[in-house]
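# Report on the structure
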There are 2 protein chains.
Amino acid sequence: MYRTHTCGELRITDKGRKVTLAGWVQKSRKLGGMTFIDLRDRYGITQLVVEADAPQELVDTATSLGREFVIQVEGEVVERQSKNPKMDTGDIEIKVDAIRILNKSVTPPFTIEDESDGGEDIRAKYRYLDLRRNPLKNALTLRHRIAHEVRNYLDDKCFLEIETPYLIKSTPEGARDFVVPSRMNPGQFYALPQSPQTFKQLLMVAGYDRYFQIVRCFRDEDLRADRQPEFTQIDCEMSFVEQEDVLNTFEGMMRTLFHNVLGVEIPNPLPRMSWYDAMDHYGSDKPDVRFGMTIHEITETAKGKGFGVLDGAAYIGAIAVPSAADYTRKQIDELTEWVKRPQVGAKGLIYIKVNTDGTFKSSIDKFYAPEDLAKIAAVTEAKSGDLILVLSGDNKRKVQNMLGVLRIEMGNRLGLRDPKVFAPLWIVDFPLLEWDDETQRFYAMHHPFTAPKPEHEKWFYSNAKEDLERVCANAYDFVLNGTELGGGSIRIHNADMQKRMFEVLGIGPEEAEYKFGFIINAFKFGAPPHGGLAFGFDRVCALFGGQDTIRDYIAFPKNNQGRDVMIDSPSEIDQVQLDELQIDVRKNG
Amino acid sequence: MYRTHTCGELRITDKGRKVTLAGWVQKSRKLGGMTFIDLRDRYGITQLVVEADAPQELVDTATSLGREFVIQVEGEVVERQSKNPKMDTGDIEIKVDAIRILNKSVTPPFTIEDESDGGEDIRAKYRYLDLRRNPLKNALTLRHRIAHEVRNYLDDKCFLEIETPYLIKSTPEGARDFVVPSRMNPGQFYALPQSPQTFKQLLMVAGYDRYFQIVRCFRDEDLRADRQPEFTQIDCEMSFVEQEDVLNTFEGMMRTLFHNVLGVEIPNPLPRMSWYDAMDHYGSDKPDVRFGMTIHEITETAKGKGFGVLDGAAYIGAIAVPSAADYTRKQIDELTEWVKRPQVGAKGLIYIKVNTDGTFKSSIDKFYAPEDLAKIAAVTEAKSGDLILVLSGDNKRKVQNMLGVLRIEMGNRLGLRDPKVFAPLWIVDFPLLEWDDETQRFYAMHHPFTAPKPEHEKWFYSNAKEDLERVCANAYDFVLNGTELGGGSIRIHNADMQKRMFEVLGIGPEEAEYKFGFIINAFKFGAPPHGGLAFGFDRVCALFGGQDTIRDYIAFPKNNQGRDVMIDSPSEIDQVQLDELQIDVRKNG
């Protein structure tokens, strides 16, 4: 061993101890003939001091050290003259007797500090240096801790972690599958799994009634911000359970994580919100409930005053932005432009200021008397000093969605989205089916194996469109601070119900056999009632770390073009490899 | 929840309790009007009884149940008339009040019993049914348990589990890489990792001084028996360590596994054997030390008696097979044919029987007097009643290897290889370099980043071939019962030493840059001394389970052609997918 202690553990109680440390030179400075060196490792920083009267060779070595040199030092723990209360090791320093340079370093292309001077691109290229910085080290340490707590919780609950294969089969709708040509089976391909969904259901058929896996998944899709072609899921499935059992088990898991990892207590039981309420009041199926400012429908209240835009709208909704009545004209204009961007898509923005003197000021004063505005203020629960923002349109869900986006934006602007506050909840009672006007058919909102709620089965077997539209799924999402962290469903295990589902979705027996034949066949051999869910592990880690972006929580992420710029991948391969695989790359043009 | 208890937990102390169970019908039988049903789940089997005087509907339902039906039953725990001491639940049965069929099953294609009537192929196709059998369930449960214990041990020791990417870059010598075409980067490919070697070394450069990962690895090679294209490693790396630290840490891990999982105590410290001793005495770098029968060189003892075969041999070796002097002529002839098979490759086999009456009988009696044979018996430590088997040839290591294979075979025949006996050890002091006569150059025995033993560095920098040949590597293998379970090395972290290594291997600066440039560059930024190892997790599980083959310890394995016959993969993919990937499959012919 090159050290007796790490750079994070020595304290004043170790005073007088002879120690050996090893690590990286964070920085060094000369002060009155003495050389001070900050020595860093994974565990912290310890200050070293080479006295002015030390042997010349030692002084010379100390002087020669550059940033990020790897050194080993021997010395004695002494009490510091000027203590640093910000550092765990700040009461002591090491009076150095010997320095051994284990490895030199060329000058790193950016500073290894909490706030680096390096841009994103250069840090990505030298990821192994970026990973030396505390924010990334803390992120990966947190990730390890969360994974470990997840495993302990699930092991305690009799779950088995079972590894499912990575080389599987491309599905008929596998546009997003990464494929892997097989050398031993020329012309044939494996596919990398988008999730282990099929395999975990097969494990239920096989009788492994509590399965989990922290597992990599792959999706070859255009990468929006903060998506990765490979990502990690906490994938879970249970047999002989109803929705209630799944929710209890996994909110218990999240409660344990919050408690053990962050020391945060979340409500027991967790709040649940129906998908309909989430859409109506938050304009989102992943509501951020850390703050209010909920959406209120004012369709009836606002109509009939002769203002064409609202009179002609199918739906009018509003949010009351707290204490924002002092927004200037310029601010409101900017906000109007903001909602008109294609990302939001509103045609315009109506505002009503609820002034502190009891008056109103709005962009629709021409049509609305103060008492009309007061009614709107009452419905939106606006208080004195609030700013009411109104959107309208001919599609209720679309307008609610815009209001939801606006609500989040205002929450951000007002600092209502504190990353240290955690407001988890379940979203339940999703519609089972979505009607598509264009193709005039229903689609499964989750997937075609999701079961209807038992009490809605009567509608599920009805042929009336309005009955089918109100069937809720036995499905659930775990939402935290405006982000969907996980979701799942109770699956259909009954052959007749599955047949009915295919019928509703307009999937004929042949198509069903072609697309799902394999799993349908397995289900003939005694499939138990089962259900499960999956959490996006990268995102769980990021949110626990108080960050919006997952990139720092992945050791070696890819960029938005799906490239690993550090190793320069993907890349061309040898002709020999192509020959062995019996494939050709098409020429450009 | 569909059940109050599992099928494995009810005991006589639960007598009188009203319970609900759910599971699969293992079997049912009528006996004097009563129906007995064995109900199975992951946790065990509980006997159900439907009384003769039960309501007719219940009797009818019970009678209708087929094998592998999924049912839910309500009833009362009662004491059995005839107890079954072989079953944990054997003291009780459930007097059934109600049965609900949750799902029917068609007749499975083979019996779900410990010893199934299904052949390997049919069981592979219906793996989800095979997985219901106890031997597989126990195998996967053991696997979960071992993984969990590994993680607990390493977490306790401050190791961080860090996920490395699966979509990486094909290496210049990547003939065995699976590659993955990138849709977003047409003409370019990712590769699936054969191991996370590069990334774990980068994590050391990044300062994560204790890393591990239970990680999938991929190798597109012709599959010999008991190899899988995807397999799992326990991958580990440490910084600021010497070989001794790595060995101590990981024999501690194995000791904990043996203790916690099997209740077996292994020696502390573990035995270590040099590679040279392993080759000389066991003819293998993964010796099975559960039994003796070691190889003895008798070159000097056996030469010079006028028997041309031996007189002309460069090396003569022998093993003394205990109590096998009564082998018949037929048995010895069969053994002779056995060693002459190409898999062993011997030209012939000489035997010497050490008869219990003090006489010798050998195939070389014509050339060797009894006192000559007695000398050989003395050297081989043969006892009265033993059978000495002799092989010779002009290449010492080749003959030793044949003797090693023969030794294992005789160990099997004599029942000396008890899977319940565990004899782990470290193999150390491997040669760093292997001379290849054909190309007249040295090759790295492990890989070109393996460091020489510090005390052999003087020879490493010598230019004499005999000096270089005797340099030992700072490398080590963990061997259990004749199987290599893991191995690793201390890596070179010093640029000058790495340069020397390339020089010794005849790799010029340009080739080094092309092949290893990326990692060499990373090492310029302060690489710490580091080393590590990886265990073959599938094999660890199999050996802990007392099995030779890994297939039962993998939930969904592939066959020897790399195919998953259950999902029928690999398979052809859609033209649309090929078009998106900009690749073509070559036509046969």
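Residues numbered from 1 in each chain as written. Chains lettered and ligands numbered in written order. Predicted model: local features only at pLDDT ≥ 70, side-chain atom pairs only at ≥ 80, totals over all residues. Heavy atoms only, no water.

## Topic: the domain arrangement of chain A
Looking at chain A, the domain boundaries give domain 1 (12-103), domain 2 (137-273 + 423-554) and domain 3 (291-413). Placing the centre of domain 2 of chain A and that of domain 3 of chain A at their C-alpha centroids yields a distance of 37 Å. (Domains from an automatic or database assignment.)

## Things to note about the sheet that holds strand E17 (residues 424-428) of chain A
Residue and element names in this part refer to chain A. Read from one edge of the open sheet, 8 strands run E6-E9-E10-E22-E21-E20-E17-E11, paired in mixed fashion. Each of the sheet's edge strands pairs with one partner strand only, and the pair in question is strand E6 (160-161) and strand E11 (272-274). Relative to strand E20 (residues 475-480), E17 is paired through 5 bridges, and the arrangement is antiparallel. Paired with Leu425 across the strands is Val479, a residue of E20. Packed on one face of the sheet, helix H4 (residues 134-156) meets E6, strand E9 (210-218) and strand E10 (230-239) and runs near 150° to E9. (Pairing = 2+ DSSP bridges. Helix = DSSP H or I, 4+ residues; strand = E, 2+ residues; numbered from the N terminus. Contact = heavy atoms within 4.5 Å. Axes fitted to C-alpha atoms, helices over the stretch in contact; angles between N-to-C directions.)

## With respect to empty space enclosed by the protein
Considering all chains together, one arrives at 11 cavities of 30 Å³ or more under this definition. Roughly 360 Å³ of volume is contained in the largest cavity. Lining the largest cavity are 27 residues, with Arg151(A), Glu161(A), Ile214(A), Arg151(B) and Ile214(B) sitting closest to its centre. Here the element with the most residues in the lining of the largest cavity is helix H4 (residues 134-156) of chain B; it accounts for 5 residues. In terms of residue class, the lining of the largest cavity is made up of 12 nonpolar, 5 polar and 10 charged. (1 Å grid on protein atoms, 1.4 Å probe; cavity = no way out; pocket = protein on both sides within 12 Å on 5 of 7 lines; lining within 4 Å. Points joined across faces, edges and corners; volume = space filled by probe spheres on them. Nonpolar A, V, L, I, M, F, W, Y, C, P; charged D, E, K, R; others polar.)

## Thoughts on the pairing of strand E14 (residues 350-354) of chain A
All names here are of chain A. Most of E14 sits inside the fold, with 5 of its 5 residues counted as buried. Burial along E14 is two-sided: Ile350, Ile352 and Val354 and Tyr351 and Lys353, pointing in opposite directions, are all buried. In the sheet, E14 pairs with strand E16 (residues 387-393) via 4 bridges, with the strands oriented antiparallel. By the bridge assignment, Lys353 is partnered in E16 with Leu387. The pairing of E14 with strand E15 (residues 360-362) spans 3 bridges and is antiparallel. Bridged to Val354 within E15 is Phe360. Here E14 hands over to E15 after 5 residues, with Gly358 in that stretch at a positive phi of 90°. (Buried < 20%, exposed > 50% of the residue type's maximum accessible area, 1.4 Å probe, protein only.)

## Focus: the packing of aromatic side chains
This structure, assessed with the given rule, holds 45 aromatic pairs over all chains. Ring geometry for Tyr126(A) versus Tyr128(A): centroids 6.1 Å apart, planes at 70°, classification edge-to-face. Given the relative accessible area of 15%, Tyr126(A) is considered buried. For the pair Phe460(B) and Tyr461(B), a centre-to-centre distance of 5.3 Å together with 80° between the ring planes defines the contact as edge-to-face. For Phe460(B), a relative accessible area of 0% gives the class buried. Taking relative accessible area as the criterion, Tyr461(B) reaches 40% and is therefore assigned partly exposed. The ring of Tyr443(B) has Arg441(B) sitting right over it, with the charged end atom 3.8 Å from the ring centre. Taking NZ or CZ as reference, Arg500(B) lies 5.9 Å from the ring centre of Phe460(B), over its face. (Phe/Tyr/Trp six-rings, centres within 6.5 Å; stacked < 30°, edge-to-face > 60°. Lys NZ or Arg CZ within 6 Å of the ring centre and 35° of its normal.)

## Let's talk about the relation of the copies chain A and chain B
Its rotation angle being 180°, the transformation that places chain A on chain B also includes 0.0 Å of axial translation and leaves an RMSD of 0.1 Å. Overall, the copies show the geometry of a two-fold rotation axis. The fraction of interface residues of chain A whose copies in chain B are also interface residues reaches 99%, indicating that both copies meet through the same surface. (Least-squares fit on C-alpha atoms with pLDDT ≥ 70 in both.)

## With respect to a negative patch on the surface
Residue and element names in this part refer to chain A. A contiguous patch of negative charge on the surface is contributed by Glu113, Asp114, Glu115 and Asp117. Mapped onto the secondary structure, Asp114 falls in the loop between strand E5 (92-103) and helix H2 (120-125). Taking relative accessible area as the criterion, Asp114 reaches 43% and is therefore assigned partly exposed. (Patch = residues over 30% accessible without salt bridge, like charges linked within 9 Å, V, L, I, M, F, W, Y side chains within 5 Å. Areas by Shrake-Rupley, 256 points an atom, 1.4 Å probe, with all protein chains shown as cover. Salt bridge = Lys/Arg side-chain N within 4 Å of Asp/Glu carboxyl O. Lys, Arg positive; Asp, Glu negative; His and termini not counted. Charge placed at Lys NZ, Arg CZ, Asp CG, Glu CD.)

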